[in-house]
Amino acid sequence: LFLDRSDAVELPIKFIPRYAGRYHCQILLKSSCDVRVYEIECVVNTDHAEAKLEFRTPAYQEVVHNIPVTNVSGRDWKLEAILEGQGFYGPPLINVGLGETALYPLMFKPVAEC
């Protein structure tokens, strides 16, 4: 059975994800002589993520924020950290397994009042 485009029917779907991740869906279409199930998977990635951290500590004393990094993708992550700014320290690489949350220890250690 071959259908030409004139036999096609559009099925508009509106999808509004709240978070990045994988979303699975099944669409069941029934008629008196046919049943069809369509499986749809939507993968939502964030193009740009922003976060703001505020560090307050007495002069010359370090403070550490453990930043959670959650991997909701379909593969393991090996992330490289590039730190800019005087007094910030942290590991250059972090591995986050599929479905896991890893903590990135970002340290601020001021060498003067700032």
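Bear in mind the structure is a predicted one, so any value in this text is a computation, not a measurement.

The rules behind the values
Residues numbered from 1 in each chain as written. Predicted model: local features only at pLDDT ≥ 70, side-chain atom pairs only at ≥ 80, totals over all residues. Heavy atoms only, no water. Helix = DSSP H or I, 4+ residues; strand = E, 2+ residues; numbered from the N terminus. Buried < 20%, exposed > 50% of the residue type's maximum accessible area, 1.4 Å probe, protein only. Areas by Shrake-Rupley, 256 points an atom, 1.4 Å probe, with all protein chains shown as cover. Patch = residues over 30% accessible without salt bridge, like charges linked within 9 Å, V, L, I, M, F, W, Y side chains within 5 Å. Salt bridge = Lys/Arg side-chain N within 4 Å of Asp/Glu carboxyl O. Phe/Tyr/Trp six-rings, centres within 6.5 Å; stacked < 30°, edge-to-face > 60°.

## Thoughts on the overall build of the protein chain
Here is step 1 of the chain: Each helix and strand in the protein chain was counted, giving zero helices and seven strands.
Here is step 2 of the chain: Overall, the protein chain shows an N-to-C arrangement of helices and strands of β-β-β-β-β-β-β.
Here is step 3 of the chain: The buried share among the 114 residues of the protein chain stands at 14%.
Here is step 4 of the chain: Summed over all atoms, the accessible surface of the protein chain reaches about 10200 Å², with 53% contributed by carbon and sulfur.

## Considerations on a nonpolar patch on the surface
Here is step 1 of the chain: Together, Leu11, Ile13, Phe15, Leu29, Tyr38 and Ile40 make up a nonpolar patch on the protein surface, roughly 530 Å² of accessible area in all.
Here is step 2 of the chain: With respect to the helices and strands, Tyr38 occurs in strand β2 (residues 35-44).
Here is step 3 of the chain: When its relative accessible area of 40% is taken as the criterion, Tyr38 is described as partly exposed.

## Structural notes on the packing of aromatic side chains
Here is step 1 of the chain: With the rule as written, the count across this model stands at two aromatic pairs.
Here is step 2 of the chain: Taking 4.8 Å as the distance between ring centres and 40 degrees as the angle between the ring planes, the aromatic pair formed by Phe88 and Phe108 counts as tilted. Of this pair, Phe88 sits in strand β5 (residues 88-89) while Phe108 sits in strand β7 (residues 101-108), placing them 20 residues apart in sequence.
Here is step 3 of the chain: Accessibility expressed as a relative area gives 28% for Phe88, which makes it partly exposed.
Here is step 4 of the chain: Take Phe108: its relative accessible area is 10%, and that puts it in the buried class.

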